[in-house]
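Observations on chain architecture
For reference, the chains in residue letters:
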Amino acid sequence: MRAVLVLMWVLHWLPLPVLGRLGEGVGSLLFMVIRKRRHITLTNLSLCLPQLSEAERLAMAKRHFQVYARSVLERGILWWASEARLKRLIQIDPAVPMAAMADGPTILMCPHFVSLDVAGVAVMLESSLCSIYTQQRSKVFDAALRKGRSRFRPVKLFSRAEGVKPIIRAMREGLPFFMLPDMDFGAKDAEFVSFFGVPAATLTAVPRIAATTGAKVIPVIATILPNYQGWKVTFHEPWKNYPGDDIVAATRSMNAFIEQEILKAPAEYFWAHKRFKTRPPGEPSVY
């Protein structure tokens, strides 16, 4: 892993068009080699985008592997490039909502697009934040990731095992909560709600924490700019009257929003994750 990190550090000096094309080449190779993740990706696309032909889903799956591998190599830029270079490469639309974040508790809701780390950097160039963190298996990579994610501003990272109490305390201290809500972590603290018409175990943390703290929810989406120009980070308007009285309905509303954003850049969503791993009682695995 040390050798991988050294390689990432060396490669981050390359111009983005060169590094991006290199990552896409690696992704094309991985698409042929990693059969298990290819199967998961194609299964997810079949469930979520059945209107596409088999050939279209195959092409999208390959493209997903390309942009995902590219995002891994480009993480070196996020971890080691200068602030000036990052500001040249990250286009923020319209701007980091500093006034809104200063005006009370805030949840920055960031779905799992491959460039989600860019969204985190866009915020940390302007503000500290708190988030839930999954410890990496490699201690060396874990340390590099933590350092890379906190090099501009102090960041409070909490493990999922700690629960929501430290997150709520940090939010009440003025830190925005950078929340990634759309992975399958099992049935605990989740509800089966529709995701592209398929029941998906979905964490209810966003509406529950919003209801507890009175936080505004601001969606943030990170996507790749064309022609290897960099990335675009879009901050949406805070959701109005959210979550309301029905946590399940609010969770479904969140998934509906994520679906709309996925359709704008479908290959960039994290399809290689087992989004439907947890099934409703009595239903077989889709994988």
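Anyway, here's the lowdown on the structure attached to this text.

Reading guide: rules and limits
Residue positions within a chain follow its written sequence, with the count starting from 1. Selection of residues for local features in this predicted model requires a pLDDT of at least 70, selection of side-chain atom pairs for listing and counting requires 80 or more, and totals for whole chains, interfaces and linings are taken over all residues. Based on all heavy atoms of the structure, the side-chain values leave hydrogens and waters out of the count. A helix here means a DSSP run of H or I that spans at least four residues, while a strand means a run of E at least two residues long, and both kinds are numbered starting from the N terminus. Counted as salt bridges are all cases of a side-chain nitrogen of Lys or Arg within 4 Å of a carboxyl oxygen of Asp or Glu. Exposed residues in this analysis have more than 50% of their type's maximum accessible area, buried residues have under 20%, and partly exposed residues fall in between, with area computed by a 1.4 Å probe over protein chains only. Here a Phe, Tyr or Trp ring, Trp counted by its six-membered ring, pairs with any other such ring whose centre lies within 6.5 Å, and the pair is stacked when the planes are under 30 degrees apart, edge-to-face when over 60, and tilted otherwise. The angle between two axes is taken between their N-to-C directions and runs from 0 to 180 degrees, where each axis is a line fitted to C-alpha atoms and a helix contributes only its stretch in contact. When describing relative orientation, an angle under 35 degrees is termed roughly parallel and one over 145 degrees roughly antiparallel, while 65 to 115 degrees is termed roughly perpendicular and anything else oblique. Note on convention: the crossing is left-handed when the near helix lies turned anticlockwise from the far helix by less than a right angle, right-handed when the turn is clockwise. The criterion used for residue contact is that any of the two residues' heavy atoms lie within 4.5 Å. Amino acids are sorted into nonpolar (Ala, Val, Leu, Ile, Met, Phe, Trp, Tyr, Cys and Pro), charged (Asp, Glu, Lys and Arg) and polar (every other residue, Gly among them).

What follows deals with unusual backbone geometry. Each neighbour pair has its own omega, and for Asp93 with Pro94 the value is -5°, a cis peptide bond. Within the secondary structure, Pro94 sits in the loop between strand 1 (90-93) and helix 6 (98-102). Pro243 follows Tyr242 through a cis peptide bond whose omega is 10°. With respect to the helices and strands, Pro243 occurs in the loop between strand 9 (231-235) and helix 11 (247-264).

This part covers the pattern of salt bridges. Summed over all chains, the structure comprises 10 salt bridges. Among the ionic pairs, Arg70 bridges to Glu24, the shortest N-O distance being 3.3 Å. A residue pair is termed long-range when its members are at least 10 positions apart, and Arg70 in helix 4 (residues 54-80) and Glu24 in helix 2 (residues 16-33) qualify at 46 residues. Each of the two residues, Arg70 as well as Glu24, counts as buried.

Quick look at the packing of aromatic side chains now. Per the counting criterion, the structure on display carries 13 aromatic pairs. Centroid distance Phe195 to Phe276: 6.3 Å. Interplanar angle 45°. Geometry classified as tilted. Of this pair, Phe195 sits in strand 6 (residues 190-195) while Phe276 sits in the segment after helix 11, and the two are 81 residues apart along the sequence. Phe276 matches Phe195 in its accessibility class, with the two residues each being buried. Plain terms: the ring middles of Phe196 and Trp271 are 6.3 Å apart, the flat faces sit at 45° to each other, and that makes the pair tilted.

Contact pair helix 9 (residues 165-172) / helix 10 (residues 205-213): the axes reach a minimum separation of 11 Å and the direction vectors enclose 50°. Considered as vectors, helix 9 and helix 10 are oriented oblique to each other. Crossing angle aside, the handedness with which helix 9 passes helix 10 is right-handed. Note on element contacts: helix 10 touches helix 9 through Ile209, Thr212 and Thr213, opposite Ile167, Ile168, Met171 and Arg172. In terms of residue class, the contact of helix 9 with helix 10 is built from four nonpolar, two polar and one charged.

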